[in-house]
Amino acid sequence: MDSEILQRARTYESQMGHKIREEERPGFHLTPCVGWMNDPNGFCYYGGMYHLFYQYYPYSTHWNSMHWGHAVSRDLLHWSYLPAALAPDADWDREGCFSGCAVTLPDGRQELIYTGVSHGGIQTQCVATGDGRNYKKAAVNPVLSEKDLPPEVSPVDFRDPKAWQEADGTYRMLCAARSRDGGDTMFLLYESRDALHWRFVRTFLRNSELREPIGRMFECPDFFLLDGQYVLLGSSQDMEGSAKYHSGNGSFCLLGNYDAATGAFVPETDQCLDAGIDFYAAQTILSPDGRRIMIGWMQNWDTVGIQPEGCRWFGQMSIPRELFLRNGHLCQQPIRELKELRKDPVTYRNVVLGRDPVELSGIRGRRLDLEAEIERAQGTVILSLAADEKHHTDLIYRPQESLLTLDRSVSGTRRAGADVCSTKISGGYGHLRLRIVLDRFSVEVFVNDGEKALSMTLYSEEHADHIRFLATAPAELSMTAWQIRQAVMKEK
Ligand code: FRU
């Protein structure tokens, strides 16, 4: 029997979700059925489908008491909503079901592992098992609580479990945590034989031991082996702006060595996971065909108050991305399935750009996939996206500084929010390769075949759909643009 709280959420979303017209949603990015969405949760492949849960509050477009929303897909682009999976209806999660993950148990059931927030903000790890649609919280909850923490760790900052299975079948799990004095943050490692009884193994990563600490509170870890290299993803609050990271909340990636026998992880390099403003709390899965696919919350906590008037959903996921390593660097590209939504290609070769802004006939729209190459750029090159007479969102390439900037300050926003981000890029002077994925409410830029990504939400009117090009000194532009078909999202 579902609790009243879960039943109420399920009834509400089934009544309200379909009232949101298709045109009000992005074309191919997942949004909440109705109301508020933050982190991706429980990203997995189960029962022949991809499942994605998400931090969810159906009743308004602002963060509140957390539920888990649920959607399934066969290609990670066409999603169907399933009824909300978890609601804050037990003693151990009265104040919210926070982020977590999903594993498949040996008997075929799906287990959700999540953070329960109880009275006083105490955070514990809890489990619920089910069939891919309905879940029952375990009576033994919580499965990890204050007694399982090193004494220095605060029980009000202990969350976001992410589990995986080792080669010998045992489970390992990382959780984010913070010291009681707030001075340090860490990921803690746990292990279990049955994904129910967990034991503390060690502190996996300590912020204070990094060459350059990253922010103040780690959140949402993910850990996997990719092309023979161990990869740890995380997000952090209150990062100080630097050449590598933008200020505020952002996500990072550490490559390092992992000893499965002891659980010891030694980080070697770190990089920003997405240099845009809006990418957080990423989770990955291994697809049935062996690809490591990542999805993130395409939003920044610092700007969640800036919402379009009258919106009925808020918060969206990034395009799912395939991860790979190149020259010791984590790279990402949109999942290849996106190419199947492409239509109406328009190609230009070696267009010489100059000081006067130009448009290229046929290259226009707000649901676009663009591949571009800039060559022989001597001065600054600007691609103005989502433009009309008043608005534009600019991608600015400064070859002299090897710098790429994304700037939405004239996209129609009426608030002084975080609107500009920049990243250093490598490669030949004056030469840049770009993949730009534009959807109704976002732009995602992939640089030099995936070496960097920059993601940003964008709330300008849909008729702001022009693209203009200019360069302060002659530069050559070649590009192909495809319109992207709407990937209709259904209720199931
Ligand atoms: C990250 C986060 C998580 C937490 C969740 C709460 O965005 O703060 O650490 O579990 O959101 O909604």
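Structure: above.
Residues numbered from 1 in each chain as written. Predicted model: local features only at pLDDT ≥ 70, side-chain atom pairs only at ≥ 80, totals over all residues. Heavy atoms only, no water.

### Focus on the overall build of the protein
Line of reasoning, step 1. Of regular secondary structure, the protein possesses 1 helix and 33 strands.
Line of reasoning, step 2. For 492 residues, the compact-globule estimate of 2.2 N^0.38 gives 23 Å, and the protein sits close to it at 22 Å.
Line of reasoning, step 3. Each principal axis of the C-alpha distribution contributes one length, and for the protein these read about 65 × 50 × 40 Å.
Line of reasoning, step 4. Sorting the 492 residues of the protein into buried and exposed places 63% on the buried side.
Line of reasoning, step 5. A separation of at least 24 residues holds for 59% of the contacts in the protein among residues at least 6 apart in sequence.
Line of reasoning, step 6. Taken as a whole, the protein presents about 19,200 Å² of accessible surface, with 48% of it coming from carbon and sulfur.
Line of reasoning, step 7. The centroid of the 53 positive side-chain charges in the protein is displaced by 3 Å from the centroid of its 66 negative side-chain charges. (Helix = DSSP H or I, 4+ residues; strand = E, 2+ residues; numbered from the N terminus. Rg over C-alpha atoms; globule rule 2.2 N^0.38 Å. Buried < 20%, exposed > 50% of the residue type's maximum accessible area, 1.4 Å probe, protein only. Contact = heavy atoms within 4.5 Å. Areas by Shrake-Rupley, 256 points an atom, 1.4 Å probe, with all protein chains shown as cover. Lys, Arg positive; Asp, Glu negative; His and termini not counted. Charge placed at Lys NZ, Arg CZ, Asp CG, Glu CD.)

### Remarks on the site of the ligand
Line of reasoning, step 1. In the vicinity of the ligand, the residues found are Asn38, Asp39, Gln55, Trp63, Met66, Phe98, Ser99, Arg159, Asp160, Glu219, Tyr280 and Trp301.
Line of reasoning, step 2. Within the side chain of Gln55, an N or O atom sits 2.7 Å from an oxygen atom of the ligand.
Line of reasoning, step 3. Here an oxygen atom of the ligand sits 2.9 Å away from a polar atom, N or O, in the side chain of Glu219.
Line of reasoning, step 4. Listing elements by their share of the shell around the ligand, those giving two or more residues are strand E1 (35-46), strand E5 (97-104) and strand E9 (153-165).
Line of reasoning, step 5. Per-class residue counts for the shell around the ligand are 5 nonpolar, 3 polar and 4 charged. (Near = heavy atom within 4 Å. Polar contact = N/O pair within 3.5 Å; in protein donor to acceptor, adjacent residues only side chain to side chain. Nonpolar A, V, L, I, M, F, W, Y, C, P; charged D, E, K, R; others polar.)

### Some thoughts on the environment of Arg211
Line of reasoning, step 1. On the secondary structure map, Arg211 appears in the loop between strand E12 (199-206) and strand E13 (217-226).
Line of reasoning, step 2. Of the residues examined, Arg211 reaches a relative accessible area of 74% and is grouped as exposed.
Line of reasoning, step 3. Spatially, the C-alpha atom of Arg211 lies 42 Å from that of Asp89, the residues being 122 residues apart in sequence.
Line of reasoning, step 4. Engagement of the side chain of Arg211 in a polar contact is seen with the backbone oxygen of Glu268, the distance being 3.0 Å.

### Some remarks on the sheet that holds E9
Line of reasoning, step 1. Sheet architecture is open: 4 strands sit in the order E9-E10-E11-E12, paired in antiparallel fashion. Looking at which strands have only one partner, the edges of the open sheet turn out to be E9 and E12. Across the sheet, the axes of successive neighbouring strands diverge by a mean angle of 25 degrees, strand direction being ignored.
Line of reasoning, step 2. Where E9 and strand E10 (residues 171-179) come together, 7 bridges link them in antiparallel fashion. Its bridge partner lying in E10, Trp164 is registered against Arg172. (Pairing = 2+ DSSP bridges. Axes fitted to C-alpha atoms, helices over the stretch in contact; angles between N-to-C directions.)

### Notes on the pattern of salt bridges
Line of reasoning, step 1. One pass over the structure, following the stated rule, counts 39 salt bridges.
Line of reasoning, step 2. A salt bridge links Glu24 to Arg21; its shortest N-O distance comes to 3.4 Å.
Line of reasoning, step 3. Here Glu24 falls in the buried class, since its relative accessible area comes to 17%.
Line of reasoning, step 4. For Arg21, a relative accessible area of 48% gives the class partly exposed.
Line of reasoning, step 5. In this structure, Arg342 engages Asp369 in a salt bridge whose closest nitrogen and oxygen atoms are separated by 2.9 Å. You can see Arg342 sitting in strand E22 (residues 342-353) and its partner Asp369 sitting in strand E23 (residues 368-375), a full 27 residues away along the chain. Each member of the pair, Arg342 together with Asp369, is buried. (Salt bridge = Lys/Arg side-chain N within 4 Å of Asp/Glu carboxyl O.)

### Digging into the side chain of Glu476
Line of reasoning, step 1. Take Glu476: it is sitting in strand E32 (residues 475-484).
Line of reasoning, step 2. Accessibility expressed as a relative area gives 18% for Glu476, which makes it buried.
Line of reasoning, step 3. For Glu476, the side chain forms a polar contact with the side chain of Asn350, separated by 2.9 Å.
Line of reasoning, step 4. Leave out the neighbours within four places in its chain, and Glu476 touches Asn350, Val351, Val352, Glu373, Ile374, Glu375 and Arg376.

### Examining the nonpolar core
Burial of nonpolar side chains together is a common tendency in soluble globular proteins.
Line of reasoning, step 1. Counting 58 residues, the largest nonpolar core has Leu404, Leu434 and Val445 as its most contacted members.
Line of reasoning, step 2. Ignoring any residue separated from it by four or fewer positions in sequence, one finds Leu434 in contact with Leu370, Glu371, Ala372, Ile374, Leu383, Leu395, Leu404, Val445, Phe446 and Val447.
Line of reasoning, step 3. Core analysis: the second largest hydrophobic core is formed by 34 residues, Tyr81, Ile335, Leu338 and Ala453 among them. (Core = buried A, V, L, I, M, F, W, Y, C linked by side-chain atoms within 4.5 Å.)

### Structural notes on the environment of Asn64
Line of reasoning, step 1. Residue placement: Asn64 occurs in the loop between strand E2 (49-57) and strand E3 (67-73).
Line of reasoning, step 2. When the C-alpha positions of Asn64 and Gly96 are compared, they lie 8.3 Å apart, and in sequence the two are 32 residues distant.

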